[in-house]
Structures are given as structure tokens and as C-alpha cells.
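Letter by letter, the chains look like this.
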Amino acid sequence: MALPTRKFDAVVVGAGGAGMRAALQLAEAGLKVGVLSKVFPTRSHTVAAQGGIGASLGNMGEDSWLWHMYDTIKGSDYLGDQDAIEFMCRMAPEVVYELEHFGMPFDRNENGTVYQRPFGGHSRDFGAGPVQRSVCAADRTGHAMLHTLYQRNVRANTVFFVEWMALDLIRDASGQVLGVTAMEMETGEVWIFHARATLFATGGAGRIFSASTNAFINTGDGLGMAARAGIPLEDMEFWQFHPTGVAGAGVLITEGVRGEGGYLLNKNGERFMERYAPTMKDLASRDVVSRAMATEIKEGRGCGKEADHILLKLDHLGVDVVEKRLPGIREIAKKFANVDPVKDPIPVVPTCHYQMGGIPTNYHGEVVVPTPGNVSTVVQGFYAAGECACASVHGANRLGTNSLTDLLVFGKASGNRVIEYLKENPGHKDLPADAGEVSRARLARLDGQTKGESVFEVGAEMRRTMQAHCGVFRFPDMLTEGVARIEEVTERVKRTEIQDKSKTFNTARIEALELDNLIEVARSTMICAEARKESRGAHDRADYPKRDDESWLKHSLWYAADNHLEYKPVVLKPLTAQSFEPKVRSY
Amino acid sequence: MGDMDRLRWRCRRGLLELDIVLTRFLDGPYEALSSVQRDTFSALLTLADNDLWDLVAGRNDAQTAPEQEIVERLRQA
Ligand SMILES: Cc1cc2nc3c(=O)[nH]c(=O)nc-3n(C[C@H](O)[C@H](O)[C@H](O)COP(=O)(O)OP(=O)(O)OC[C@H]3O[C@@H](n4cnc5c(N)ncnc54)[C@H](O)[C@@H]3O)c2cc1C
């Protein structure tokens, strides 16, 4: 029996910042847009973003998109595609002002202009000194952005499917994408969403690691769906570890703390970042700070009984600054670390935070895959934006505040591209006869499984394996063993069993389906990391401590079906600017 | 299972802080709540993440006494 079907011009999977920005573009163009989300839109993970949105408005002193571009490329350790980076940095002020006009309550200067705060890795004049480039709404930038975009979408008649989980991509024989299957959580029913264009904005997959700042919903569903449908995943070895997650809990202490003057100490009370990054010190980019912390810990200068963490000191800022500029921090430290940071330093460790890799796209948000004779062939009808996509603007490492910029710029750009595509391609193409069969088979397997594996245990094993074998510092023997281990975990994921087979809101089923996605992300990460024999950005190998542009200035592409890797060149030619040639990075 | 599962899913939030606290609460103190208190807890879950977190973190208090009672318990979780 065919699955029930709904038809839309465009289906957007994901209602975070990227999905809602894209949907808005489409709905305001008068298209029929359906947006699916596992949770209520304003509860998407974007709500967690506190630090701000990077854009060279120049409200606090001179700034330019070219400097922003330079910082982004340098931050990416030259793995970012320079066409996409130029596009993003040039567009950033425009999308920020648009958001302001949509009603976003940005913090302001006394003269009425939008306030901008300093943030790690952002500089003026090609690294001459720090610049204030991050626009924010107190510590609620992501929250304010989601609420602003949600209201605007409602006004534009975007149709939201809340508590719906997309399961699989639907492609026809030519490879064109024709929509997704999705399960309504309330009823357990599976539907086909038949779309002329399908846009993924499913966010990151930070839950593959045990120490993670990501919310539990960040299970990489878009990546899993794409990988299972034969789309390669790009640059999955690159994961940003935030330097300051609360030790043991993962909860993030925003970089704004260091922006406002907090700094890191080792067990000797030494402000060690002065040794590693004499100019930027505690404001150096995240990989530099994480590596320094890991080195301090590895060399026995960690704090606490187990010498396993670093201390973040901010008591010298005074109660007033902490409460006014960093309002959430005090409560977080009390609740998850049991310290009051206006009196005592907070114990922190590098914690998985952001996924640089993802579904390969160009700077229009079109998904691109290699075909004979063309490394970037557009997959018809398929788009991706936000953390699930790899445009690639973040390359081997992302600068703080550049993700929200990415959501707005590429959300809008992909929306625009869909509009153009739909003008040229009227009408729905017929669904293949077996549309939805893959999802039905997966669900039937799960429901019929006996003597199977526990979703919780297999998931925990996956997270432990990733953390131990593929964390912020990577060792060759651990990686080799990690590849074997993650393959074992993959076999176990194929045999997950759930006890509760009910239809209504079956969270056990949802978590099993999420694990199917997480495991693809974990595999791709481990395989790409083992293969890349250099250190670049967030990929830091003990046996290959240097960047190797001769062999490795290229993007990894991992294929799920047979675990094989291909590589494609980095785009070094910007749209109009001069190319930034790879240089040794220092801060 | 449906109702409890629905509740468990609505404890999945955009903020990891809430994921941790709400799950701790659901797995522990929730059991001892009266049905009226359970309804109050469900109602609190409809708040925006940051507003709910402000309550849990003690930056704000709830509007009503019954809500505040649940909030106090969440603060202990
Ligand atoms: C604590 C924290 C602080 C941060 N602070 C900043 C900052 O200050 N500045 C910055 O630039 N970046 C920051 N980041 C990063 C940034 O917040 C994220 O990269 C960004 O919000 C991701 O947005 P998104 O729209 O791609 O995805 P998300 O906001 O994660 O949204 C994903 C959406 O997809 C939906 N979804 C997923 N799977 C499915 C499925 N199978 N079916 C249906 N729907 C699905 C979800 O329900 C959700 O609506 C921070 C990250 C964290 C963790």
C-alpha cells in the first residue's frame, strides 16, 4: 500500500535558524512551503547561541568584509572555499540589517547603532589586533533570532509540521531528490512529503561524542539521511571542540567570558595562553586555545585531583560586569560545576561543540557531488544550509559567531536558489514506484527485531569510542583501533531492538532511528580522521603535527555504502577578491 | 506509555542545560508529584527555553505559587 502523501513546492527539514531563514525566503516569494521539525521551532538548538553573529558593520571602529574574510580563511586553516567565504562575509551586514528590520532586538550603543562585541579570532587589518564584530541580543542572540524568524514565517504562511521526524530522502533513478518520508510522532504514521525542492537544515551531530555542548536532539539526521541515499559527506574529520565546557557536564561557558576579560589558568596559577598566543592570548581561535589546554593537561599541569581540567578565572571582572555582560554564566557554573564564578574559577575542558563538515554544497546551497569530469555536480532538487551543510565556509575550523552568519546568509541564498530553480522547473516529477520503501523496511526491521541490542548501550559505546579515539587530540594507534571499533558498533546498530512497539510518541523508536543517523556521522568522522595524515585546524594528530598543503589541501568526501573516500580540491579563488594563499598560522 | 513518552520528548530542548535538568527531574522527583502538580509541570514545559532556564537557574520566579513550587523542585534537580 502506498504511503499517504502531501505535496509542497518546497520542503524544509529543520526549523532552526537556517531552516527558518530559508523557509521565510520561500514563503515570502509565495511558494507553498512545509517545514518539518522534531521539536517546536523555537526550541531548535539555535536557541543556545549566546555569543552573537559576525558581520563587519564597523559600528565600533573601522571594519571591512575583506578583513572578516581574511579571518575566516585563516581560521579555516585554508581549507575553507574562498568563493563561499567571500560570499558570506560580503552578505553578512545585509542579512543582519534584514534581521534588524524583521524585529530582532539587538543590543545598541548609546548613539543608537547596533552594539558589537569582541570575539576570538576576529581581527582588524589582517590580524593587526582584535576588532568588535559580533552583534548580539544580550546572551540570547539565538533565542531572539528564532523568535523573530518564527513570527515572520507565521505571517508569511509557512506551514510547520512540529514533532515530525524526517526519516529518509526520496531520490528517483536519475538521482533527483523528490522529497522525504517523515513520521508524525503523535500517531507514529509515516507520510511522504513530495516536494519539487527539498532543503535540509537539520543542524549538527555533536551527540556522537560523550563530552558535548550540543542538546540531545543534535543527532545528525540530515547527514544520516543523505549518506544512506548515496550522497557523500564532506570534511567530517573536522569537529570544533569548545575550549570551555563545564568539566563533566558539557554545558558551555561562552567565549564571551574571555571576550570580556576572563582568562585560563593551569594548576600553577599560570596564565598559560600568554605562552601559546602572545598577541591574542585567551582570545586566540578555538583550536589554538583547545590544544593549549589539552597540552597543559597532557603535560601534567591540569587542575583538580585527577589533573584533568583547566580553570577559567573571571572573579577579577567583578560582580557587576559578570551579571551585566555575562548574565547566564553565574547560574550555569553554580548548577553544573558547583562554583560561584564571582568568587572561584570554573573547571573547564575542551568539549565537542560544532561540526565543520556536512552535506557538500556550493555557495548557493545546492548539494554538489563528484561525477566523472566534474567534482561539483549539482544534485537536482536538493539543498542544504546551516550546520548540516558544508559550503565550505568553516573549512578545518570555524570562527566563533560565524555559524549564525552562515545560517542567515546561506539560509537566504539557498532559498533564493530554490526560487530560481522552481521557476525553471514547474510541476512535480512523479515519485518512483518504491518511494518510501526504504523507511518502511527500516521500521519493519526495528519492530521485528528480537534478541537485539539496546539503543542506549550501543549509543553509549559509540560516544565513548568517538571520545577516546577521535577527540581533540588524535593518536595513530587510537585512530586505527577506532576504525575497527566503530565498525563493530555499526554492526550492533543494525540489530537495535525496542521493547515498546506502540505508535503514539514512542521515544524509544525515535531514539533508535536517531542512532541510525548518528552512526553514519561517527563512521565518517573516524574514517576521515584516520585517513588525513596531517594536522589542520581542529584535526590535530600527534604523529603529523604540521599542516601539509602539498598532500592535504583538499576536502574529504566519505561514502557510506562502502566506506570509501574521495577528495576534491579547495576553491582558492574568491569571487572578486585576491586569493589568500595558505600561510603558517599564528595568533 | 504515550503520555509519559510525550512528556519525555517535550523535555528535549534546544538547551543542553534543560535536557540535563529536566531529564534528571523526570527520572526522579516527577514520580512523587500529584496529578495537579504534573499538569503544572507540563504547562511549564511550554515556556521558551531561555525563560524556563531563567526560572530553573533562579534568575526569575514563576507567576503563580503552584508553578513556583515545581520550579523550586527543578532547581534542586
Ligand atoms: C551552546 C552553543 C552556543 C553557540 N553559540 C553560537 C554563537 O554565539 N554564534 C554562532 O555563530 N554560533 C553559535 N553556536 C553554533 C550555532 O548555534 C549552531 O551551529 C546553529 O545554531 C545551527 O543552526 P541550524 O539552523 O543549522 O540547526 P539547529 O538550530 O540545530 O536546528 C536543527 C533543526 O532541524 C530539526 N531536525 C533535525 N533532524 C530532524 C528530522 N529528522 N526531522 C525533522 N526535523 C529535524 C530540528 O528539530 C531543528 O528544528 C553555538 C552552539 C552551541 C551548542
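All residue numbers here refer to positions counted from 1 along the written sequence of the relevant chain. Working convention: letters from A go to chains and numbers from 1 go to ligands, in the order in which they are written. Reporting of local features is limited, given that this is a predicted model, to residues whose pLDDT is at least 70; pairs of side-chain atoms are given and counted only at 80 or more, and all residues count toward the totals for whole chains, interfaces and linings. As a convention, hydrogens and water are excluded, and side-chain values are obtained from all of the structure's heavy atoms.

### Concerning the confidence of the model for chain B
Residue and element names in this part refer to chain B.
So, step 1. Per-residue confidence for chain B gives a mean pLDDT of 93; residues scoring 70 or more make up 97%.
So, step 2. Element-level pLDDT for chain B is lowest in helix 1 (residues 2-10), with a mean of 88, against a maximum mean of 96 in helix 3 (residues 35-44).
So, step 3. Confidence estimates for the predicted assembly give a pTM of 0.93 and an ipTM of 0.96. One confidence number per residue, pLDDT, is output by the predictor and ranges from 0 to 100. In this description a helix means any DSSP run of H or I spanning at least four residues, a strand means any run of E spanning at least two, and both kinds are numbered starting from the N terminus.

### Description of the pattern of salt bridges
Residues and elements named next belong to chain A.
So, step 1. Salt bridges are counted wherever a side-chain nitrogen of Lys or Arg sits within 4 Å of a carboxyl oxygen of Asp or Glu. Applying the stated rule across the entire model yields 60 salt bridges over all chains.
So, step 2. Where Arg108 meets Glu100, a salt bridge forms, and the shortest distance between an N and an O atom there is 2.8 Å.
So, step 3. Using a relative accessible area of 42% as the deciding quantity, one classes Arg108 as partly exposed.
So, step 4. The structure contains a network of salt bridges with shared partners spanning Asp77, Glu237, Arg532, Glu534, Arg536, Arg547 and Asp549. When accessible area is computed with a 1.4 Å probe and restricted to protein chains, residues below 20% of their type maximum are described as buried, those above 50% as exposed, and intermediate ones as partly exposed.

### Side note on the packing of aromatic side chains
All names here are of chain A.
So, step 1. Between rings of Phe, Tyr and Trp, where Trp is taken as its six-membered ring, a pair exists when centres lie within 6.5 Å; planes separated by under 30 degrees are stacked, by over 60 edge-to-face, and by other angles tilted. Inspection of the entire model under this criterion finds 24 aromatic pairs over all chains.
So, step 2. A centroid spacing of 6.1 Å and a plane angle of 40 degrees characterise the contact between Phe473 and Phe475, whose relative ring orientation is tilted.
So, step 3. In this analysis the charged atom, NZ for Lys or CZ for Arg, is taken to sit over a ring once it is within 6 Å of the ring centre and within 35 degrees of the ring normal. Its guanidinium or amino end placed over the ring of Trp191, Arg6 lies 4.0 Å from that ring's centre, counting from NZ or CZ.

### A few points about the environment of Met69 of chain A
Residues and elements named next belong to chain A.
So, step 1. With respect to the helices and strands, Met69 occurs in helix 2 (residues 65-75).
So, step 2. Residue Met69 is classed as buried on the basis of its relative accessible area, which comes to 0%.
So, step 3. Along the backbone, Met69 and Pro574 are 505 residues apart, and their C-alpha atoms lie at a distance of 9.9 Å.
So, step 4. It only takes one pair of heavy atoms within 4.5 Å for two residues to be counted as in contact. With sequence-adjacent residues up to four places away left out, Met69 is seen in contact with Gln82, Ile85, Glu86, Cys89, Pro574, Ala577 and Phe580.

### Observations concerning the nonpolar core
So, step 1. Judged by nonpolar contacts, the single largest core of 126 residues is most densely connected at Ile346 and Phe410 of chain A together with Phe41 of chain B.
So, step 2. With near-sequence residues (within four places) excluded, Phe41 of chain B lies in contact with Leu7, Cys11, Leu22, Phe25, Leu26, Tyr30, Leu33, Ile70 and Leu74 of chain B.
So, step 3. Buried Ala, Val, Leu, Ile, Met, Phe, Trp, Tyr and Cys residues form a nonpolar core when they are joined through side-chain atoms within 4.5 Å. In this structure, Val489, Val493, Leu518 and Met526 of chain A belong to the second largest nonpolar core, which totals 59 residues.

### Here's the deal with the site of the ligand
All names here are of chain A.
So, step 1. We call a residue near a molecule or strand as soon as one heavy atom of that residue lies within 4 Å of the molecule or strand. Taken together, 38 residues are adjacent to the ligand, and Ser44, Thr46, Gly51, Glu387 and Leu404 come closest.
So, step 2. The definition of a polar contact used here is a pair of N or O atoms within 3.5 Å, where within protein one atom must be able to donate a hydrogen and the other to accept one, and adjacent residues in sequence count solely through side-chain atom pairs. Here an oxygen atom of the ligand sits 2.7 Å away from a polar atom, N or O, in the side chain of Ser44.
So, step 3. Between Gly52 and the ligand, the recorded distance is 2.9 Å, taken from a backbone N or O atom to a nitrogen atom.
So, step 4. Using the Shrake-Rupley algorithm and a 1.4 Å probe, accessible areas are obtained, with residue cover drawn only from the displayed protein chains. Relative to its unbound accessible area of 1,000 Å², the ligand is 97% covered by the protein chains.
So, step 5. Ranked by residue count, the leading element in the shell around the ligand is helix 11 (residues 402-424), at four residues.
So, step 6. Taken together, the residues of the shell around the ligand break down into 15 nonpolar, 19 polar and four charged. Polar here means any residue outside two lists: the nonpolar Ala, Val, Leu, Ile, Met, Phe, Trp, Tyr, Cys and Pro, and the charged Asp, Glu, Lys and Arg; Gly therefore counts as polar.

### Some words on unusual backbone geometry
Keep in mind that most residues, glycine aside, have a negative phi and that most peptide bonds are trans.
Residue and element names in this part refer to chain A.
So, step 1. A cis amide bond links Ala391 with the next residue in sequence, Ser392, at an omega value of -10 degrees.
So, step 2. Within the element layout of this structure, Ser392 appears in the loop between strand 18 (389-390) and helix 11.
So, step 3. In this structure, Lys451 is a non-glycine residue whose phi angle is positive, near 50 degrees.
So, step 4. Along the chain, Lys451 turns up in the loop between helix 12 (437-448) and strand 19 (453-454).

### A short note on the pairing of strand 2 (residues 33-37) of chain A
All names here are of chain A.
So, step 1. Of all the five residues making up strand 2, five are buried; the element is thus mostly covered by neighbouring parts of the structure.
So, step 2. Neither face of strand 2 is exposed, since Val33, Val35 and Ser37 on one face and Gly34 and Leu36 on the opposite face are all buried.
So, step 3. Inspection of the sheet shows strand 1 (residues 5-13) paired to strand 2 by four bridges, in the parallel sense. By the bridge assignment, Val11 is partnered in strand 2 with Gly34.
So, step 4. Of the strand pairs in this sheet, strand 2 and strand 6 (residues 159-162) are connected by four bridges, and their pairing is parallel. Pairing of Ser37 across the sheet is with Val162, part of strand 6. What makes two strands pair is DSSP finding at least two bridges between them.

### Some words on the sheet that holds strand 21 (residues 554-558) of chain A
Residues and elements named next belong to chain A.
So, step 1. The three strands lie next to each other as 10-21-22, forming an open sheet whose pairing is antiparallel. In this open sheet, the two strands that pair with only one neighbour each are strand 10 (233-234) and strand 22 (565-569).
So, step 2. Across five bridges, strand 21 lies against strand 22 in antiparallel orientation. Within strand 22, the residue paired with Leu557 across the bridge is Glu566.
So, step 3. Inter-axis angles, ranging from 0 to 180 degrees, are taken between N-to-C directions of lines fitted to C-alpha atoms, where helices are fitted over the stretch in contact. Packing against the sheet, helix 15 (residues 507-531) makes contact with strand 10, strand 21 and strand 22, and its axis sits at approximately 135 degrees to strand 21.

### Some points on the packing of helix 2 (residues 16-27) of chain B against helix 4 (residues 49-56) of chain B
Angle between the axes and distance between the axes are the two parameters that describe a pair of packed helices.
Residues and elements named next belong to chain B.
So, step 1. Here helix 2 crosses helix 4 at 55 degrees, and the two axes come no closer than 10 Å. Looking at the two axes, helix 2 sits oblique to helix 4. As helix 2 runs across helix 4, the sense of the crossing is left-handed. Residues Glu17, Leu18, Val21 and Leu22 of helix 2 touch helix 4, and the partners they reach there are Asp49, Leu52, Trp53 and Val56.
So, step 2. Considering only residue class, the contact of helix 2 with helix 4 consists of six nonpolar, no polar and two charged. Throughout, the term roughly parallel applies to angles under 35 degrees, roughly antiparallel to angles over 145, roughly perpendicular to angles from 65 to 115, and oblique to all others. Two helices that cross are described as forming a left-handed crossing if the nearer one is turned anticlockwise from the farther one by less than a right angle, and a right-handed crossing if clockwise.

### A look at helix 5 (residues 221-228) of chain A
So, step 1. The element helix 5 of chain A is extensively covered by neighbouring structure, given that seven of its eight residues are classed as buried.
So, step 2. Residue Gly230 of chain A follows helix 5 of chain A closely and has a positive phi angle near 95 degrees.

### Thoughts on the interface of chain A and chain B
So, step 1. On the side of chain B, 34 residues touch chain A, which itself brings 39 residues to the contact.
So, step 2. When chain A packs against chain B, close to 2,800 Å² is buried across both sides, 55% of that on carbon and sulfur atoms.
So, step 3. Scanning the region where chain A abuts chain B turns up seven salt bridges.
So, step 4. Notably, a salt bridge pairs Glu186 of chain A with Arg6 of chain B, separated by 2.5 Å at the nearest N-O pair.
So, step 5. For the interface between chain A and chain B, the tally reads 16 residue pairs in polar contact (both at pLDDT 80 or more).
So, step 6. If you list the elements that add at least two residues to the side of chain A that touches chain B, you get helix 4 (141-155), helix 10 (329-337) and helix 15 of chain A.
So, step 7. Each residue belonging to the side of chain A that touches chain B can be placed in one class, and the counts come to 14 nonpolar, 13 polar and twelve charged. Put simply, buried area is the surface a 1.4 Å probe can reach on two separate parts but cannot reach once they are joined, added for both.

### Details of the packing of helix 3 (residues 82-102) of chain A against helix 11 of chain A
Residues and elements named next belong to chain A.
So, step 1. Between helix 3 and helix 11, the shortest axis-to-axis distance is 8 Å and the interhelical angle comes to 90 degrees. With respect to helix 11, the element helix 3 is oriented roughly perpendicular. On helix 11, the residues that touch Ala84, Phe87, Met88, Met91, Ala92, Glu94, Val95, Glu98 and Leu99 of helix 3 are Asn402, Thr405, Asp406, Leu408, Val409, Phe410, Lys412 and Ala413.
So, step 2. Here the contact of helix 3 with helix 11 is composed, by residue class, of eleven nonpolar, two polar and four charged.

### Side note on the side chain of Asp63 of chain A
All names here are of chain A.
So, step 1. Within the secondary structure layout, Asp63 lies in the loop between strand 3 (53-54) and helix 2.
So, step 2. A polar contact of 2.8 Å, which involves the side chain of Asp63, links it to the side chain of Arg133.
So, step 3. The residues contacting Asp63, other than those within four sequence positions of it, are Ser56, Gly58, Val131 and Arg133.

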